[in-house]
Amino acid sequence: MQQLFSVSTRSRANNLWQACVLLLLGVVLLVVAWLGWLNAYPIGEVALGLGMLAATPFNTRRLLAAAWLTTMIGLAGFFVFGHVLPGSQLLAAHVLAIALGLLGIQWMARRGYISIDTLVPSLLVLSVGVVEYLQAAHLTPAHFLSFALSLWFPGIGLCVLGLLMLAASGGTGN
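Within any chain, residue numbers begin from 1 and follow the written order of that chain's sequence. With the structure being a predicted model, the display of local features is reserved for residues of pLDDT at least 70 and the display and counting of side-chain atom pairs for 80 or more, all residues being used for whole-chain, interface and lining totals. Hydrogens and waters are ignored; side-chain quantities use all the structure's heavy atoms.

(A) Summary view of the overall build of the protein. Secondary structure follows DSSP: runs of H or I at least 4 residues long count as helices, runs of E at least 2 residues long count as strands, and numbering of each begins at the N terminus. Across its full length, the protein holds seven helices and zero strands. Helices and strands in the protein line up, N terminus first, as α-α-α-α-α-α-α. With respect to the three principal axes, the spread of C-alpha positions in the protein is 60 × 40 × 25 Å. The proportion of buried residues among the 174 residues of the protein is 34%. Classification of residues uses two cut-offs on accessible area relative to the type maximum, computed with a 1.4 Å probe and protein chains only: under 20% is buried, over 50% is exposed, and between them is partly exposed.

Pasting the structure below:
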């Protein structure tokens, strides 16, 4: 008997591998954050994006666009908060990062790595805009920025994303 929305065994296995890689990387980053290593560097957003990119080979259609855009935005934050660019260039760095991210997503869509009608990049840009607005209006908690730049953020984020991917992978498939 054929099911209407069945997922192939190989696709389910790839989805499970992807979830396991996300969980493993999240746990590793949480341990590194707990040990206090690399706390002096603003690499939280970059680590989240790179962790997502590390899990994309198993199923490019699930995370590639979000991982690429998150990495670009994380690099902009790293350059500004790592004092490579002046703090007054924060908005310009984020706009350039989003533009590079969207160019990369367009290239991925043309190559067939992701769907053309993906909604995730728009939601990510919207969330960055909301967070930037809330920070400018002083409506975020006092330590929000230091949390987002620390390794706790990608550790927790990758673990949550891994659990969501695990739940979405379909279980045993009976």
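(B) Inspection of the packing of helix 2 (residues 44-55) against helix 7 (residues 152-168) at higher detail. Here an angle of 0 to 180 degrees is reported between the N-to-C directions of two axes, which are lines fitted to C-alpha atoms, with helices fitted over the stretch in contact. The N-to-C vectors of helix 2 and helix 7 enclose an angle of 30 degrees; their axes lie 8 Å apart at closest approach. Relative to helix 7, helix 2 is oriented roughly parallel. The handedness of the crossing between helix 2 and helix 7 is right-handed. Between helix 2 and helix 7, the residues in contact are Gly-44, Glu-45, Ala-47, Leu-48, Gly-51 and Met-52 and Phe-153, Pro-154, Gly-157, Leu-158 and Leu-161, respectively. Note on angle classes: values under 35 degrees are labelled roughly parallel, values over 145 roughly antiparallel, values of 65 to 115 roughly perpendicular, and the remainder oblique. Crossings are classed by handedness, with left-handed meaning an anticlockwise turn of the near helix from the far one by less than a right angle and right-handed meaning a clockwise turn. In what follows, a contact means two residues having at least one pair of non-hydrogen atoms within 4.5 Å.

(C) Expanded view of helix 4 (residues 90-111). In a helix, the anticipated span is given by 1.5 Å times the number of residues less one. For helix 4, which comprises 22 residues, the first-to-last C-alpha distance of 32 Å matches the rise-based estimate of 32 Å (1.5 Å per residue) to within 8%. Of the positions making up helix 4, those classed as buried are Ala-93, His-94, Ala-97, Ile-98, Gly-101, Gly-104, Ile-105, Met-108 and Ala-109. For helix 4, the angular spread of the buried residues around the axis is 140 degrees, confining them to a single face. In helix 4, the exposed positions that point more than 90 degrees away from the buried face belong to Val-95, Leu-96, Leu-103 and Arg-110. What the arc describes is the spread of directions from the helix axis to the C-beta atoms.

(D) Helix 1 (residues 9-35), seen in detail. With 27 residues, helix 1 should cover 39 Å at 1.5 Å per step; its first-to-last C-alpha distance of 39 Å lies within 8% of that length. Three or more residues of helix 1 are buried, namely Arg-12, Asn-15, Gln-18, Ala-19, Val-21, Leu-22, Gly-26, Leu-29, Val-32 and Ala-33. Check the buried side of helix 1 and you find it contacts helix 2, helix 3 (60-81) and helix 7. Of the residues trailing helix 1, Gly-36 is marked for its positive phi of about 85 degrees.

(E) Structural detail: the packing of aromatic side chains. Here a pair means two rings of Phe, Tyr or Trp (six-membered ring of Trp) with centres within 6.5 Å. Their orientation is stacked below 30 degrees between planes, edge-to-face above 60, and tilted elsewhere. This model, assessed by the stated rule, comprises four aromatic pairs. Aromatic side chains Trp-17 and Phe-58 sit 6.2 Å apart centroid to centroid with 15 degrees between the ring planes, which places their arrangement in the stacked category. Pair noted here: Trp-17 is in helix 1 and Phe-58 is in the loop between helix 2 and helix 3, with a separation of 41 residues, a long-range link. Its relative accessible area of 54% is what places Trp-17 among the exposed residues. For Phe-58, a relative accessible area of 30% translates into the label partly exposed. Aromatic pair Phe-147 and Phe-153: ring centres 5.9 Å apart, planes at 75 degrees, arrangement edge-to-face.

(F) Inspection of the nonpolar core at higher detail. Among buried residues, those of type Ala, Val, Leu, Ile, Met, Phe, Trp, Tyr and Cys that are joined through side-chain atoms within 4.5 Å constitute a nonpolar core. Ranked by internal contacts, the top residues of the largest apolar core, which has 17 residues, are Leu-22, Met-52, Leu-63, Leu-151, Leu-158, Leu-161 and Met-165. Counting only elements with at least two residues in this core, the list comes to helix 1, helix 2, helix 3 and helix 7. At six residues, the largest contribution of residues to this core is made by helix 1. Those residues in contact with Leu-158, other than ones at most four positions away along the chain, are Leu-22, Leu-23, Leu-25, Gly-26, Leu-29, Ala-47, Leu-48, Gly-51 and Met-52. Counting ten residues, the second-largest nonpolar core is a separate cluster that includes Leu-64, Ile-98, Met-108 and Val-128.

(G) The arrangement of the state of the cysteines in detail. Any two cysteine sulfur atoms within 2.5 Å of one another count as a disulfide. Tallied over the entire structure, the rule returns zero disulfides. Between Cys-20, a cysteine without a disulfide, and Cys-159, which holds the nearest cysteine sulfur, the sulfur-to-sulfur distance is 12 Å. Taking the relative accessible area as the measure of exposure, Cys-20 reaches 43% and is therefore partly exposed. Classification of Cys-159 by relative accessible area gives buried; the value is 14%.

Read these as geometric descriptors, not functional statements.
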